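Listed below are the residues making up each chain.
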Amino acid sequence: MEIIWQGIKQAIILIFTGNREVYEILFLTLKVSGSAVFFSMLLGIPVGVLVGLNKFPLKKFIIAVINTGMGLPPVAAGLIVILFIWRSGMLGFLKLMYTPPAMVIAQVLIASPIIAGITLAAVQQIDPKLKQQVLSLGANRFQVYWILIREARLPALAAVMAGFGGIISEVGAVIMVGGNIKGETRVLTTAIVQMVRMGNFDMAIALVVILLAITFGVNFLLTLIQQKEGIGWIRRF
Amino acid sequence: MSKFRFLKIFLFFMLSVIIITTSVFAFSCKKKVKNTEIILATTTSTYDSGLLDELIPVFEEETTYKVKPIAVGTGEAIAMGERGEADVILVHSREEEDRFVEEGYGTERRDVMHNDFVIIGPEDDHSDISGLTAVEAYITISANEASFVSRGDDSGTNKKEIEIWEETGTTPQGDWYIESGQGMGETLRIADEKQAYTMTDRGTYLAQQNNLSLVVLVEGDEILFNPYRVIPVNPEKHKDININYEGAQAFVEFITGEKGQAIIKEFGVAEYGQPLFYPDVIK
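Residues numbered from 1 in each chain as written. Chains lettered and ligands numbered in written order. Predicted model: local features only at pLDDT ≥ 70, side-chain atom pairs only at ≥ 80, totals over all residues. Heavy atoms only, no water.

**Student:** When you look at the domain arrangement of chain B in this model, what are you seeing that I'm missing?
**Tutor:** Residue and element names in this part refer to chain B. Taken domain by domain, chain B comprises domain 1 (37-114 + 227-279) and domain 2 (116-224). In this complex, domain 1 contributes 13 residues to the contact, which on the side of domain 2 involves 15 residues. Summed over both sides, the interface of domain 1 with domain 2 buries roughly 1100 Å², with 59% coming from carbon and sulfur. It is His92, Tyr272 and Leu276 that lose the most area in domain 1 upon contact with domain 2, and together they represent 33% of the buried surface on that side. Put simply, domain 1 and domain 2 have one salt bridge between them. Between Lys159 and Glu96 there is a salt bridge whose closest N-O contact spans 3.6 Å. Linking domain 1 with domain 2 are three residue pairs in polar contact (both at pLDDT 80 or more), by the criterion used here. For the side of domain 1 that touches domain 2, the secondary structure elements donating two or more residues are α2 (44-48) and α4 (74-83). Among the residues forming the side of domain 1 that touches domain 2, the class breakdown is four nonpolar, eight polar and one charged. (Domains from an automatic or database assignment. Contact = heavy atoms within 4.5 Å. Buried area = accessible area lost by both parts, 1.4 Å probe. Salt bridge = Lys/Arg side-chain N within 4 Å of Asp/Glu carboxyl O. Polar contact = N/O pair within 3.5 Å; in protein donor to acceptor, adjacent residues only side chain to side chain. Helix = DSSP H or I, 4+ residues; strand = E, 2+ residues; numbered from the N terminus. Nonpolar A, V, L, I, M, F, W, Y, C, P; charged D, E, K, R; others polar.)

**Student:** Hey, could you run me through the interface of chain B and chain A in this one?
**Tutor:** Note: interface size is frequently given as the accessible area lost on complex formation between the parts. Counting from both sides, the interface comprises 41 residues of chain B and, opposite them, 38 residues of chain A. For the pairing of chain B and chain A, the buried interface totals around 3700 Å² over both sides, and the portion due to carbon and sulfur atoms is 65%. Between the two partners, chain B and chain A, sit five salt bridges. B:Asp53 is paired through a salt bridge with A:Lys182; the nearest N and O atoms lie 3.7 Å apart. It is helix α1 (residues 3-30) of chain B that provides the largest number of residues to the side of chain B that touches chain A, a total of 12 residues. Residues that form the side of chain B that touches chain A fall into these classes: 21 nonpolar, nine polar and 11 charged.

**Student:** Would you mind going over the nonpolar core with me for this structure?
**Tutor:** Soluble, globular proteins show a tendency: their nonpolar side chains are buried together. Grouped together as the largest cluster of nonpolar side chains are 80 residues, with contacts concentrated most on A:Leu188, A:Leu207, B:Ile89 and B:Phe100. Per-element accounting of this core gives the leading share, 13 residues, to helix α2 (residues 20-53) of chain A. With residues near it in sequence (within four places) discarded, B:Ile89 still touches B:Leu40, B:Ala41, B:Ala77, B:Ile78, B:Gly81, B:Phe100, B:Arg229, B:Val230 and B:Ile231. Core analysis: the next-biggest nonpolar cluster, separate from the first, contains 27 residues, B:Leu52, B:Leu90, B:Ile255 and B:Phe277 among them. (Core = buried A, V, L, I, M, F, W, Y, C linked by side-chain atoms within 4.5 Å. Buried < 20%, exposed > 50% of the residue type's maximum accessible area, 1.4 Å probe, protein only.)

Have a look at this one:
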C-alpha cells in the first residue's frame with residue numbers, strides 16, 4: 001500500500017513542480033491520441049452513418065468487417081502499420097517509422113472501427129419513419145444525413161469516448177511503431193512500461209495516476225455533455 | 001436512389017480521407033528528409049540501465065545527428081540490421097555478430113565495453129549453487145528442478161544462457177524452467193516474485209537491486225564474460241533503402257572514442273558504487 005501512496009504523492013509533486021519530462025510525455029500523449037481520435041471521427045462517423053442508413057450489396061459483410069475492427073488488437077494494428085512504413089515497406093520513403101505520425105496512423109486504425117461501429121448501431125436505432133418524414137418534406141440526401149447525424153449525436157459522442165479511451169490506454173501499437181523513444185515517441189503508456197522495466201516504480205505509479213486522471217477528465221466532460229442535453233452549444237450543433 | 005450511387009459516394013469519401021491524411025503526413029515529414037537520423041537497434045540491457053540516456057545527448061550535441069534508440073533483444077536488433085531497418089547496432093552475442101559481419105550485413109565490429117553475467121537466486125540458495133562455476137550451477141539447478149527463469153526471447157542474455165545449457169549436456173525442460181519472453185527488467189522481477197534462479201547481466205541487476213531480494217551466487221566464471229560491440233549496417237546490402245552510413249560511422253567513432261568511453265566508465269559509479277559497464281578502448 002505504501003508504494004501506492006508514494007506514487008500518488010509523487011504524481012502530485014511531478015505535476016505541480018512542472019517536471020519537464022512528464023509534461024513532454026503528457027503533451028505528446030494528448031497530441032497523438034487527440035489527433036488520432038479526430039481523424040477517426042472524420043473517418044468513422046461518416047462511414048457509420050452511410051453504412052447504417054443505406055441498403056447496398058455486401059452491407060452485412062461490411063458491418064461484419066467493422067465489428068471485427070472494433071475488436072482489433074492494438075498489436076495487430078501496430079504490425080499492419082509497420083509492414084507498410086518500414087524502410088523496406090511500401091511507404092518506407094515517407095520515413096514514418098518511429099515518428100508520432102506513425103503512432104497516429106496506428107491509433108486511427110484502432111479507433112475508427114470503434115467509432116464507426118458505435119455510430120452505425122446508433123443510426124440504425126433511429127426510427128426509420130424519421131428518414132421518410134424528412135424526405136417527404138423535401139430534404140435532399142445530405143440534409144437527410146445531417147438531420148439523422150444530429151439525431152444520433154449523443155451516441156456518436158459515446159463512440160468518440162470509447163475510441164479515445166481505447167487508444168490513450170493502449171501500448172502495443174505505439175511501442176511497435178513509435179519505438180518508445182525518449183522525448184520523441186514516448187507516451188504515457190509506453191513510459192509506464194519503461195519505468196517498470198527500469199525498476200522506477202514511483203514514477204510508474206505517478207504516470208498511471210496522471211493517465212487515469214486524463215481519461216477520467218475527458219470522459220467526465222463528455223459525459224456531462226451527453227447527460228445534459230440542455231447545454232447551449234451542443235444544441236446549436 | 002440507386003444502390004451504386006451510395007457506393008460511389010462512399011468510395012470517393014474514403015479515397016479523399018486517405019489522400020488528405022497521407023499528404024498531411026508526407027508534408028509534415030518533408031522538413032526532416034535530410035538524412036540526420038540514425039536508428040540504433042540495441043539491447044534492453046544498455047537501454048534499461050539508462051546508459052544510452054547519458055551517451056546519446058552528448059553525441060547529438062557534438063554532431064548534427066539525431067539518434068533513435070530502439071531497445072529490443074540482440075536477436076531482433078541483428079534482424080533489424082539484416083533488413084536495413086537500423087543504421088547501426090549495439091549488441092552482445094559474439095557468434096551472431098560474427099555471422100552478421102561475415103555475411104556482409106555489417107561493415108566492421110568494434111569492441112565498446114563489457115561487463116559480466118551473474119547467476120542470481122534466493123538468499124537461502126536452497127540448491128546450494130553459491131561459488132560453483134556456471135555450468136556446475138546449471139547442472140545442480142536442473143538436477144534439483146529448482147525454479148529457473150529464462151528470458152526465452154532470443155536476446156544476447158538468452159543466447160548466453162543457452163550456450164551454458166549446451167555445455168551442461170542437458171536440455172532444460174519441465175515446470176521448473178520458466179520462459180518469461182520479456183526484457184531483463186521484467187525477468188528479474190518474475191524471478192524475484194517466484195524466488196527463482198536466473199541469469200542476468202550485472203548492469204541491469206545493479207540498476208534494479210533496490211527492488212530485488214535475489215542475491216548474486218555465481219560470478220567471475222570465464223564463460224560469463226559479456227562483451228558489447230557496435231556494428232554499422234552495410235549500405236551496400238540495401239541499395240534501395242537510404243541507410244545513414246555516415247551517421248552510423250560517426251556514432252561508432254563517438255562511442256569508441258574518448259568522450260563516449262569516459263561516459264561509459266563513469267556511468268553508475270555515483271549511484272551504485274561501481275561502474276555498470278567497463279569501457280574496452282580506454283582503461
